[in-house]
Structure formats: structure tokens, C-alpha cells
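Examining the three-dimensional arrangement
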Amino acid sequence: MRVEENVTLAPYGTMRVGGPARFFTEAHTAADIREAALFARRHDLPLFPLGSGSNIVVSDEGVHAVVLRMATRGTAYEQTPHGDAIVIAAAGEPWDGVVAETVARGLGGLENLSLIPGTVGAVPVQNVGAYGVEAADRIIWVEAFDAERLAHFVMTPEECAFGYRDSIFKRGGGKNLIITRVAFRLRKDHAPVTEYADIARYLADMKNSNPSPADIRDAVTAIRRAKLPDPNEIGTVGSFFKNPLIPQAAYEELKERFPECPGFPADGGLVKVPLAWILDHICGMRGLKDGAVGAHERQPLALVHYGGGTARSVRAFSEMVRNKVHEKTGIMPEYEVSFVGRFD
Ligand code: EPU
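Residues numbered from 1 in each chain as written. Predicted model: local features only at pLDDT ≥ 70, side-chain atom pairs only at ≥ 80, totals over all residues. Heavy atoms only, no water.

Brief notes about the sheet that holds strand β2 (residues 20-27)
The strand order across the open sheet formed by four strands is β1-β2-β5-β3, and the pairing between neighbours is mixed. The sheet is open, and its two borders are formed by β1 (4-8) and β3 (47-50), each paired with just one other strand. Averaged over all pairs of adjacent strands, the angle between strand axes in this sheet comes to 45°, irrespective of strand direction. With four bridges connecting them, β1 and β2 associate as antiparallel partners. Looking across to β2, one finds that V7 is bridged to A21. (Pairing = 2+ DSSP bridges. Helix = DSSP H or I, 4+ residues; strand = E, 2+ residues; numbered from the N terminus. Axes fitted to C-alpha atoms, helices over the stretch in contact; angles between N-to-C directions.)

This is the structure in C-alpha cells:
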């Protein structure tokens, strides 16, 4: 295992900002992960697992930790007695490659989650979701490595405590777990999930009433390409904030002031309000730019870094956005992205 010192993390994250990792190493095998954990223990530093950095913003001062870039690869397919297929993928596998492979095999389940940047290991952390499907709907188990106990163990979805863009891996002790493999449930006769407005519209245009997983993948790919910034072209981490979940009464009040404001029923009698709509129609922030940072012109929930900016400038812009939303609506948006390192 080769350990480097003071490695600048900006090229390792899709926002393209951020200072150095005190130590930086890569894991290609389970033995590498264990060795990195021992190294971190010897230096009395936390171990920080990194996928492709597509949902984090690293501070300009960097990270005082052993950053472990997960480069473990491999997928395996199994059959259950009930006719389900299972794909088990290593944490370092690029997520969309796994989705593409399942779709090519004619297996349904993950196609709505096409084209999402990132690695398999990052998928459970924020319980990625798109177009009516969440990773939690498909995950059977998550294998993790506990850097304290130096042991692998398997977690059930209940133990992962999945929520909307949330899991145990984002909180407290769960942050010390390194996800090593994830198993997803798939089906040959999978019922397509087509309720999301953009998907329904795309399929109606195509006059396709019986879409295959490949058709849904095509739809999602086209929709994402049309709306979302491409991390190969511009600094982005996708949605920067969560869509707010507010009580019905608060939503009614919002509707009185902004009658067009959309809202979707969510768990616990709450209403999920698209923050992109608020940013666009209430705050007038679609396409807003301040120096090197801005809100994307086709999807303002995605903040973008045009180059030459800093993590501090990204943070300042995002705080300005939150405060503006709060001032106009009384809602304080929560971050969807994870900030790493110090931002005070
Ligand atoms: N809208 C506007 N103006 C815009 C863009 C959108 O008013 O410029 C409104 C429209 O009313 C639209 C609504 O916002 O119907 C919602 O937009 P969209 O369907 O694009 O999705 P979203 O709610 O903004 C969420 C996820 C995305 C995911 C899409 C599709 C969160 C935080 N974000 O975005 O996830 O791809 O739905 O399911 O839940 C991510 O997490 O990084 C991400 C991209």
C-alpha cells in the first residue's frame, strides 16, 4: 500500500475545489482497507473513505485524515429461490457501469437510477434516489468495514436507517464505517416505475406503454442530459440541497402566497416541495452567478463551479441561497451535499 502526503483533493471531487489530504492512499483489496485503518490508527487520525467525490465539498484547508480512495472492483450475480436476481458490487465500482450491466442483462430494478455520478460505496450513504426510485428500495444488504474493530460485517436495510437522502452512514458512529460491498435486488419481470412526471411525459411522447428497463434507462439518460450539469464539463455535485419536507399547514400557507407552488405528499403527512421551483419562481435564482459559482440555468438546485473558485466561495454562495429562501418562504433548506473539513 502506497501512502502519499498532502495530496490536493480538488481533482478527486466533481466540484473541483478543496485542499490537501494529510495522507492519501488507495484501496484495491480488502487487505488494503485493513492496512489503511491500521495506518490511520498509528497516526491517530480518522480514516476517510472517498469514492469519486461527487457528493462532497472539501474545504480549502483540506482534511486532517487518512483519505482512502476506494478502488475495489467487481460485480457478481446470484439467483434467489423466488426468481429474483441479486447483483453484488464492490464499493469502488462506478455506479452507472453497474446499472448499465444490469440493464444489458435484461434485469430491472436500477434503471431509474441511471447516469448518477459516483461509486457503489457512496450509493447507500445518501440513499441516492431519482425518478421515483430510491436505492433503499433495492438494497438487500450492505457490507461494511469497522475501522475500530478491524472487521467486516453485513448490515440489513433497517440497520442502515435509510431516509430521504439520509442513512446511518451520514451520522455519528456510522461515519466510521467503510462500505465495502452492496447487494441489490433485481427482477427479470420487473414492473417499471414510470410515475415521475418527466418519465411519464417522455414515454408518452415515444408512445411507449410497456417500457423495458433499457427504455427507462434511455428516458432517464435523455432527461438528465437535458437538465443537469455534466460533471465532465463543469464543477457540480448534483442537487446541493434537499427538497424541503414541510407540514401540510405550512404548505397551505405557501400556496396562498404562491398558488402555483408544487407539492408532493411524503411520509408522515409532510409535503415535499421542489426547492428548484422556489429558487426559480420565488427567489429568481435560476442561472444566478456570483464570480466562479452559480445556480445552474436549467436546474438551480444544482450549484455549479465555473472554475477558479474556492470551497469557501462555494460555501458562501450556498449560504446566501439558503438565507434567501428562508427570508422569502420561512423554509431553511438543508444541505444534501456533505461538507468535509473546516468551514468556519
Ligand atoms: N423546477 C423549476 N425550475 C427549474 C427546474 C425545476 O421550477 O429550473 C421545478 C419543476 O416544477 C420541477 C421541479 O422543480 O417539476 C422538480 O425538478 P426535478 O424533477 O428536476 O427534480 P428535483 O426535485 O429538483 C430531485 C432530486 C434529484 C433527482 C430528481 C429526479 C433531490 C434533492 N434531488 O430533484 O437528485 O435526479 O429529483 O428524481 O431530491 C441529486 O440528488 O443530486 C439529484 C440530482
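Read on for the rest.
Details of the domain arrangement of the chain
The figure often quoted for interface size is the accessible area lost as the parts come together. Along its sequence, the chain is organised into domain 1 (4-70), domain 2 (75-187) and domain 3 (235-340). Taking only C-alpha atoms, the centre of domain 1 and the centre of domain 3 are 29 Å apart. Taken together, the 15 residues of domain 1 in the interface contact 18 residues of domain 3. Both sides of the domain 1 and domain 3 interface together cover about 1300 Å² of buried area, and 57% of this is carbon and sulfur. Contact with domain 3 buries surface across domain 1, with M15, N55 and V57 losing the most and accounting together for 48% of the total. Our enumeration of links across domain 1 and domain 3 arrives at two salt bridges. Seen at the junction of domain 1 and domain 3, the total is nine residue pairs in polar contact (both at pLDDT 80 or more). Among the elements that make up the side of domain 1 that touches domain 3, the one with the highest residue count is strand β4 (residues 56-58) (three residues). (Domains from an automatic or database assignment. Contact = heavy atoms within 4.5 Å. Buried area = accessible area lost by both parts, 1.4 Å probe. Salt bridge = Lys/Arg side-chain N within 4 Å of Asp/Glu carboxyl O. Polar contact = N/O pair within 3.5 Å; in protein donor to acceptor, adjacent residues only side chain to side chain.)

Examining the site of the ligand
Near the ligand there are 26 residues, and of these Y131, Y164, Y196, S239 and D280 occur at the shortest range. Here a nitrogen atom of the ligand sits 2.8 Å away from a polar atom, N or O, in the side chain of D280. Listing elements by their share of the shell around the ligand, those giving two or more residues are β8 (129-130), α5 (213-227), β13 (235-239) and α7 (275-282). A total of four residues in the shell around the ligand trace back to one element, the largest contributor, which is α7. Residue composition of the shell around the ligand, by class: eleven nonpolar, six polar and nine charged. Counting contributing residues per domain, the shell around the ligand is built from domain 2 (75-187) and domain 3 (235-340), each supplying no fewer than three. (Near = heavy atom within 4 Å. Nonpolar A, V, L, I, M, F, W, Y, C, P; charged D, E, K, R; others polar.)

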